[in-house]
There are 2 protein chains.
Amino acid sequence: MIIPKTSTRAITSPSGTADSMEVLAPVTFTSEEVEKMVSELNACIIWGGALDIAPADNVLIEVERPLHYDPWGLMIPSILAKKIAMGVNAGLVLDIPVGEGTKFSTPSRGKEFAHVFKQIASNFGVKAECALTLAHQPIGHAVGPAIEAKEALRLLLDYNVGPNSLIEKSTSLAGILLEMGGKAQRGEGQTLAKQILQSGNAYKKMRDIIELQGGDPDIQPDDIELGPYQKDFYSNKSGHITEVDNAIINQIAKAAGCPYAKTSGVEIYRKQGAKIEKGEKIFTIYSNSENKLRRARKIYNSTGGPIILGGMLIERI
Amino acid sequence: MIIPKTSTRAITSPSGTADSMEVLAPVTFTSEEVEKMVSELNACIIWGGALDIAPADNVLIEVERPLHYDPWGLMIPSILAKKIAMGVNAGLVLDIPVGEGTKFSTPSRGKEFAHVFKQIASNFGVKAECALTLAHQPIGHAVGPAIEAKEALRLLLDYNVGPNSLIEKSTSLAGILLEMGGKAQRGEGQTLAKQILQSGNAYKKMRDIIELQGGDPDIQPDDIELGPYQKDFYSNKSGHITEVDNAIINQIAKAAGCPYAKTSGVEIYRKQGAKIEKGEKIFTIYSNSENKLRRARKIYNSTGGPIILGGMLIERI
């Protein structure tokens, strides 16, 4: 299978795939360079925006970012234009994260989008499948370019460190691709994807990609620096986590400098359902600037933070 | 404070408050009896439908139940008529559970309802507050008349057994009432409610209510029988619980005989966020009939059960 992965930088979120990948290797290439890399390795993980394949899209994204607004009419052509230009038509898997504080707050809205997307894709001869995925809280424990790269690399090196949500999400998406590519029977793609991840083959492929794109293939999770300014937060009561609020996390991470400051980000130690003791460390903010850290702390303090404990009351009206 | 609590039997759910309370004491009284009880104890927990105070409502509910349908236009007069007839006007707290598989799938829908409800209540001179509460998964670990009564009684006897979600939800609602009744400053009602629960005073009051309504005040959680037909379910894999599906639980509990069969119900051992080992017991169905148990098991098996493990994929489209 050939997987020429183009990804975006963050538009309205604290980190896009391209922002995180850039921590491990350059992601900015010309079409000719990409063609050469893909013919050599059957894969790449690059920033789609640097290619000259969908120039209007970059302009639109630059308009959207300051507006924090990304409407369907721009989202769909933005995704499809780059994929079509990359020659993807045999199979495209679109991840549609669903949950409060994300683009699609309910599965029914996500579903609606999926059907529109599939229809438009098929008009252009692209066979697409959409995966609605759970995103009511962050995947894994990290938000921010460097910290997400660190978390992903750690998992690639050792399946047992998890996090479970990251394993499940990445292998369910990869599983659909494997099924569409004829490498696995319908319903067996995820199992195969997990084997590839667990066996270390996914890590080996990632090393090759990092090396070919000009990064250091020997990079270890501990080599990836965060901060240097950081602030830990501790729970001021005991209880169970009933909610981890994406919207507050995104606000804090952006205030801390994401996505432009790679080393800025947040770490969420415990998630929904976890039992927390008073005084337990639950959250850390990393920032490249003391001022930004101060701003991010202010948001944490004024909102009470993204980790909501025990309370069953959403709102009193 | 005088709290003359009228409650409903289940309309579209597996158990209403009146259904559970009836496991501990009779709930069917005439207006005269209720007046006498409330003047003696300042409290009661009765079935509103048995009173002759809102006769049209009973007819409407009987129409709604088989239709599994409870529209706003019936819900609001149904709630308000009984409260007004009971003389409640100083303060009414309405719990609005919000979450997939409940009447209000998103907070924004619940909020809309809250504003309409408050407006109509105030037209009738009733001071109402609405509490949007988390209901994306069951509160506590029990669904069904007897098993919910058992769980509530256990908590009343010992604060430390929890469950946390039940403590949090009940005390946040009680806290609003205490604040509206002038017993606590704004923002301090829940703390007071927790003290009342923890000190055993809530249990003492419950004993008085049970006794006055004709039940056995010495009843212990272990006296409350379930089943007798039951079936345990074990996890067929390891992972984290990402979702506990209300809709499937309700289907199973109703198939098992709820709300008419008091001893029917389900027990959910672990909830969202919990880490589960393969082979761990996660769910039990109780039923008063072997046939109903068989039907409930079929729903568990065909849906895969309400406890969804690990998967981050909601749907593939």
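Residues numbered from 1 in each chain as written. Chains lettered and ligands numbered in written order. Predicted model: local features only at pLDDT ≥ 70, side-chain atom pairs only at ≥ 80, totals over all residues. Heavy atoms only, no water.

Structural notes on the overall build of chain A
For chain A, the count of helices and strands is 11 helices and 12 strands. Scaling as 2.2 N^0.38, a compact globule of 317 residues should have a C-alpha radius of gyration of about 20 Å, and chain A matches this with 20 Å. Over its C-alpha atoms, taken along the principal directions, chain A stretches across nearly 55 × 45 × 40 Å. Expressed as a percentage of its 317 residues, the buried residues of chain A come to 50%. In chain A, of all internal contacts separated by at least 6 residues, the share reaching a separation of at least 24 is 71%. Surface exposure of chain A reaches about 14,400 Å², of which carbon and sulfur atoms provide 52%. Within chain A, one finds 35 positive and 36 negative side-chain charges whose respective centroids are separated by 6 Å. (Helix = DSSP H or I, 4+ residues; strand = E, 2+ residues; numbered from the N terminus. Rg over C-alpha atoms; globule rule 2.2 N^0.38 Å. Buried < 20%, exposed > 50% of the residue type's maximum accessible area, 1.4 Å probe, protein only. Contact = heavy atoms within 4.5 Å. Areas by Shrake-Rupley, 256 points an atom, 1.4 Å probe, with all protein chains shown as cover. Lys, Arg positive; Asp, Glu negative; His and termini not counted. Charge placed at Lys NZ, Arg CZ, Asp CG, Glu CD.)

Description of the relation of the copies chain B and chain A
Overlaying chain B on chain A yields an RMSD of 0.0 Å, the required transformation being a rotation through 180° with an accompanying axial translation of 0.0 Å. Taken together, the rotation angle and the small translation identify this as a two-fold axis. Closest approach to the rotation axis among the C-alpha atoms of chain B is made by Gly273(B), whose C-alpha sits 2.0 Å away. When the interface residues of chain B are mapped onto chain A, 100% of them again lie at the interface, so the same face is used by both copies. (Least-squares fit on C-alpha atoms with pLDDT ≥ 70 in both.)

Brief notes about the packing of aromatic side chains
All chains considered together, the criterion is met by 14 aromatic pairs over all chains. Note on Phe104(A) and Phe113(A): the rings are 4.9 Å apart at their centroids and 45° apart in plane angle, and the pair reads as tilted. For the pair shown, Phe104(A) and Phe113(A) are each scored as buried. Seen in terms of ring centroids, Phe113(B) and Phe117(B) are 6.3 Å apart; in terms of plane orientation they differ by 25°. Their pairing is stacked. (Phe/Tyr/Trp six-rings, centres within 6.5 Å; stacked < 30°, edge-to-face > 60°.)

Focus on the sheet that holds strand E5 (residues 142-143) of chain A
Residue and element names in this part refer to chain A. Taken in spatial order, the four strands of this open sheet run E5-E8-E10-E6, and their pairing is antiparallel. In this open sheet, the two strands that pair with only one neighbour each are E5 and strand E6 (229-234). The pairing of E5 with strand E8 (residues 265-268) spans two bridges and is classified as antiparallel. Looking at E8, one finds that Ala142 is bridged to Glu267. Across the sheet, helix H11 (residues 290-303) is in contact with E6 and strand E10 (281-287); its angle to E6 comes to roughly 15°. (Pairing = 2+ DSSP bridges. Axes fitted to C-alpha atoms, helices over the stretch in contact; angles between N-to-C directions.)

What about the pattern of salt bridges?
Residues and elements named next belong to chain A. The tally for this structure, following the rule as stated, stands at 22 salt bridges over all chains. A salt bridge links Lys169 to Asp95, with the nearest nitrogen and oxygen atoms 2.7 Å apart. Of the two residues, Lys169 is situated in helix H7 (residues 164-180) and Asp95 in strand E3 (residues 92-98); the sequence distance between them amounts to 74 residues. Taking relative accessible area as the criterion, Lys169 reaches 11% and is therefore assigned buried. By sharing partners, the salt bridges in this structure join Arg9, Asp19, Glu22 and Lys262 into a single network. (Salt bridge = Lys/Arg side-chain N within 4 Å of Asp/Glu carboxyl O.)

Some details on the packing of helix H10 (residues 246-255) of chain A against H11(A)
Residue and element names in this part refer to chain A. With their axes 7 Å apart at the nearest point, H10 and H11 run at an angle of 160° to one another. By the angle between their axes, H10 is roughly antiparallel relative to H11. Helix-helix and strand crossings are classified by hand; for H10 and H11 the assignment is right-handed. Touching Ile248, Gln251, Ile252 and Ala255 of H10 are Lys292, Arg295, Ala296, Ile299, Tyr300 and Thr303, all from H11. The residue inventory of the contact of H10 with H11, partitioned by class, reads six nonpolar, two polar and two charged. (Parallel < 35°, antiparallel > 145°, perpendicular 65-115°, else oblique. Left-handed = near helix turned anticlockwise from the far one by under 90°. Nonpolar A, V, L, I, M, F, W, Y, C, P; charged D, E, K, R; others polar.)

Brief notes about the domain arrangement of chain A
All names here are of chain A. When its domains are assigned, chain A resolves into domain 1 (3-212) and domain 2 (225-309). Domain 1 and domain 2 are separated by 25 Å when their C-alpha centres are compared. Listed as interface residues are 29 residues of domain 1 and, on the opposing side, 24 residues of domain 2. Across the interface of domain 1 and domain 2, roughly 1,900 Å² is buried in total on both sides, 54% from carbon and sulfur atoms. By the criterion of area lost to domain 2, the three top residues of domain 1 are Pro14, Gln137 and His141, representing 29% of everything that side buries. If you look at where domain 1 meets domain 2, you find one salt bridge. Here Glu22 ties to Lys262 by a salt bridge, and the two come within 2.7 Å at their closest N and O atoms. Summed over the shared surface of domain 1 and domain 2, the number is 11 residue pairs in polar contact (both at pLDDT 80 or more). Contributing elements (two or more residues each) for the side of domain 1 that touches domain 2: helix H1 (17-24), E5 and helix H6 (145-157). No other element matches H6, which puts four residues into the side of domain 1 that touches domain 2. Residues that form the side of domain 1 that touches domain 2 fall into these classes: 11 nonpolar, 12 polar and six charged. (Domains from an automatic or database assignment. Buried area = accessible area lost by both parts, 1.4 Å probe. Polar contact = N/O pair within 3.5 Å; in protein donor to acceptor, adjacent residues only side chain to side chain.)

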